[in-house]
Amino acid sequence: NRVLGMGPFPFEGEEDADIINAGKQTITTMPGASFFDSSMSFAMIRGKHVHLTILGAMEVSQNGDIANWKIPGKMVKGMGGAM
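A brief look at the structure comes next. The shown structure was predicted, so the numbers you read here are calculated from the model rather than taken from an experiment.

Description of the overall build of the protein
Item 1. Helix and strand content of the protein: 1 helix and 4 strands.
Item 2. Secondary structure elements of the protein occur, N-terminal to C-terminal, as β-β-α-β-β.
Item 3. Out of the 83 residues belonging to the protein, those deemed buried represent 12%.
Item 4. For the protein, the share of sequence-separated contacts (at least 6 apart) that also reach a separation of at least 24 residues comes to 43%.
Item 5. A total of about 6,600 Å² of accessible surface is found on the protein, and carbon and sulfur atoms cover 58% of it.

Right under this line is the structure:
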């Protein structure tokens, strides 16, 4: 989540629980990868600096508003919604 230069899934035993994708799966990074916050990711998208963007949402209103939420009492790493 918010990484440019995502690598393949890690081998068993080599997982780092702090490096995950939007689906909460552990991932690896490629050499030279960079991490950034939400505002930077949207700036890169709006500035047309990336070739492909996939925006996922757990809930969308009839006006197109995206809601980020989680199930009460369930531990999750980060908020819902993904790009």
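Describing unusual backbone geometry
Item 1. With a phi angle near 60°, K48 is a residue other than glycine that sits in the positive phi range.
Item 2. If you trace the backbone, K48 turns up in the loop between helix 1 (38-46) and strand 3 (59-60).
Item 3. Looking at K48, the relative accessible area reads 73%, which means it is exposed.

With respect to the environment of A22
Item 1. Take A22: it is sitting in the loop between strand 1 (3-6) and strand 2 (29-35).
Item 2. A C-alpha to C-alpha distance of 8.6 Å links A22 and R2, two positions 20 residues apart in sequence.

Looking at a nonpolar patch on the surface
Item 1. Nonpolar side chains collect at one region of the surface, where F42, L55, V60 and I66 lie side by side and expose about 350 Å² of accessible area between them.
Item 2. For L55, a relative accessible area of 49% puts it in the partly exposed group.

Considerations on the environment of L55
Item 1. As for its position among the elements, L55 is in the loop between helix 1 and strand 3.
Item 2. Counting along the chain gives 11 residues from L55 to I66, while the straight-line C-alpha distance between them is 9.9 Å.

Parameters and conventions
Residues numbered from 1 in each chain as written. Predicted model: local features only at pLDDT ≥ 70, side-chain atom pairs only at ≥ 80, totals over all residues. Heavy atoms only, no water. Helix = DSSP H or I, 4+ residues; strand = E, 2+ residues; numbered from the N terminus. Buried < 20%, exposed > 50% of the residue type's maximum accessible area, 1.4 Å probe, protein only. Contact = heavy atoms within 4.5 Å. Areas by Shrake-Rupley, 256 points an atom, 1.4 Å probe, with all protein chains shown as cover. Patch = residues over 30% accessible without salt bridge, like charges linked within 9 Å, V, L, I, M, F, W, Y side chains within 5 Å. Salt bridge = Lys/Arg side-chain N within 4 Å of Asp/Glu carboxyl O.

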